[in-house]
Amino acid sequence: MKNRQALTLLLIANIISGFAQGISMLAIPWYFTTVTKQTTLYGWLYAIITLGTVFWSLYTGTLIDKYSRKKIFILINVCGGVIVNGVALYGFYHGMVPALMVGLVFAVTVFIYNIHYPALYAFGQEITEKVNYGKTNALFEIQGQATTILGGAAGSILLSGTENGNINLLGFQTHLPFDVQKWELHEIFLLDGITYAISILLLLFIKYTPTSERHIHEGSVYERIRLGIRYLKENPTIFWFGNLSYSIFVFLLIEVHFLLPLYISNHLEAGADTYASADIYYAIGALLAGVGIRNMFRNTSPVKAIIILMWITVAGLLLVSFTKSLVLFFLFSFIIGITNAGTRVLRVTYLFNNIPNTYMGRAGSVFQVINILVRSALIGVFSIPFFAEGSNVTWTFFIGALFIVLSVIPLQMKLKQYE
């Protein structure tokens with residue numbers, strides 16, 4: 001591989017920043033839904049932040065296609081580090097972090113995610129030979145999920161603390177040789193902010209040679225967006241595939257950042273350790289998918305494989321909708337880790353092979369905007385107080401299953417066009 005060292009540094013930087021970001025993004029939903037009991041407020045905050053990323057996502061695609069991906073990574077780490085460290089220092093000074101500032105950290109992290117991942121895949125495509133696209137995507141998935149496992153384990157300990165060294169991890173009682181006090185939000189935010197700084201240092205050392213020439217369009221933002229939309233209009237099969245295959249990811253983001261704390265606290269009547277353990281089971285499944293999904297479906301077309309994974313997800317969602325079992329819930333978390341990550345690896349590889357690098361950022365922006373609009377609508381519905389009462393949250397998982405069914409059927413009907 002031509003830019004092996006650059007890819008290695010990029011992966012290490014992602015591991016370090018993603019580790020603490022993952023803990024923060026576990027802590028914030030749990031704080032709003034179970035600590036302060038402000039579920040509806042958090043739901044509407046999440047919906048507004050998600051909707052606000054529509055305009056940001058349109059703009060990020062043009063930035064990714066026009067400017068150095070390395071410089072983009074450095075800049076977003078600088079911005080994230082300044083804001084998160086600032087909130088952490090406020091918390092240390094005043095002994096607490098107000099809900100508005102917690103929401104600010106959540107918003108900043110969401111906005112960073114919206115440029116980070118499209119830039120990551122575009123950067124990976126830029127520094128990787130075409131023959132290695134699948135391998136690079138799998139590496140990104142493996143790195144991301146390994147980080148999530150570590151972050152989930154650490155989050156379980158930091159959010160709950162230990163009692164005489166004992167903690168429930170992955171559904172099993174685990175004994176540590178030392179006791180850990182529960183961390184406050186500002187302490188978690190400080191850890192998050194420090195990792196931003198470390199990532200910046202690593203990114204500064206990245207040197208690479210593009211594997212293909214980038215044709216940068218110098219027009220206005222509107223013109224560059226219009227070109228991306230025009231490209232997808234001229235390639236409708238890619239447009240439909242890009243949007244329909246996104247459905248697992250659409251629901252998963254809502255589940256992880258909003259529904260999961262409610263399901264665990266209200267329906268399963270469990271604590272933060274179960275919440276973090278579910279994250280770990282998901283990451284283990286996703287890690288296995290990153291390692292073996294291409295081999296598992298080596299004799300199956302990517303689109304057909306994605307359709308299979310979507311139907312498996314539907315079955316898993318129906319399972320947790322009508323049961324109240326911790327074992328089945330952890331099994332579901334593991335399965336959706338496989339199906340979501342497997343779909344993402346296969347989806348991105350398909351898009352890499354069918355969309356020129358020049359249009360990758362802009363095409364991704366169109367997909368992302370539609371994703372955001374659908375998510376905002378679903379979050380708005382799930383923010384209705386009815387779903388926060390008792391076990392009513394299970395109905396959101398049933399609705400999620402129906403949503404994926406409505407996506408997989410038209411994709412299956414168009415299967416011959418992709419083979």
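Residues numbered from 1 in each chain as written. Predicted model: local features only at pLDDT ≥ 70, side-chain atom pairs only at ≥ 80, totals over all residues. Heavy atoms only, no water.

K.L.:
Which parts of the structure should I look at to understand the environment of N371?
P.N.:
With respect to the element layout, N371 can be found in helix α13 (residues 357-382). The class of N371 is buried, set by a relative accessible area of 2%. In this structure, N371 is in contact with Y246, F249 and V250, ignoring residues within four places of it in sequence. Within the structure, the side chain of N371 is placed 2.6 Å from the side chain of R375, a separation counted as a polar contact. (Helix = DSSP H or I, 4+ residues; strand = E, 2+ residues; numbered from the N terminus. Buried < 20%, exposed > 50% of the residue type's maximum accessible area, 1.4 Å probe, protein only. Contact = heavy atoms within 4.5 Å. Polar contact = N/O pair within 3.5 Å; in protein donor to acceptor, adjacent residues only side chain to side chain.)

K.L.:
Explanation requested: the nonpolar core in the structure shown.
P.N.:
Considering soluble globular proteins, one finds that nonpolar side chains tend to be buried as a cluster. Within the largest apolar cluster, 122 residues are counted, with the highest numbers of intra-cluster contacts made by F189 and F397. Contacts of F397, omitting those with residues within four sequence positions, involve F251, E255, L259, Y263, L317, V320, S321 and F332. (Core = buried A, V, L, I, M, F, W, Y, C linked by side-chain atoms within 4.5 Å.)

K.L.:
Would you mind going over the packing of aromatic side chains with me for this structure?
P.N.:
Any two aromatic rings considered together are summarised by their centre-to-centre distance and by the angle between their planes. For the structure on display, the rule yields 20 aromatic pairs. Seen from their ring centres, Y263 and F329 are 5.3 Å apart, and the 25° between their planes marks the pair as stacked. Within this pair, whereas Y263 is found in helix α9 (residues 247-267), its partner F329 is found in helix α12 (residues 326-354), the two being separated by 66 residues in sequence. When sorted by exposure, Y263 lands in the same class as F329, which is buried. (Phe/Tyr/Trp six-rings, centres within 6.5 Å; stacked < 30°, edge-to-face > 60°.)

K.L.:
Help me understand helix α11 (residues 302-321) in this model?
P.N.:
In an α-helix, one turn spans 3.6 residues; hence positions three or four apart end up facing the same way. Over its 20 residues, α11 runs 29 Å from end to end, which matches the ideal 28 Å to within 8%, given 1.5 Å per residue. Every buried residue belonging to α11 is among V303, A305, I306, I307, L309, M310, T313, V314, G316, L317, V320 and S321, and all of these are buried. (Expected span 1.5 Å × (residues − 1).)

K.L.:
Just to check I follow, could you spell out a nonpolar patch on the surface for this structure?
P.N.:
Judged by side-chain polarity, V78, V82, I83 and L104 come together as a nonpolar surface patch covering roughly 300 Å² of accessible area. Looking at the nonpolar patch element by element, the count peaks at 3 residues for helix α3 (residues 69-94). Note on placement: V82 falls in helix α3. (Patch = residues over 30% accessible without salt bridge, like charges linked within 9 Å, V, L, I, M, F, W, Y side chains within 5 Å. Areas by Shrake-Rupley, 256 points an atom, 1.4 Å probe, with all protein chains shown as cover. Salt bridge = Lys/Arg side-chain N within 4 Å of Asp/Glu carboxyl O.)

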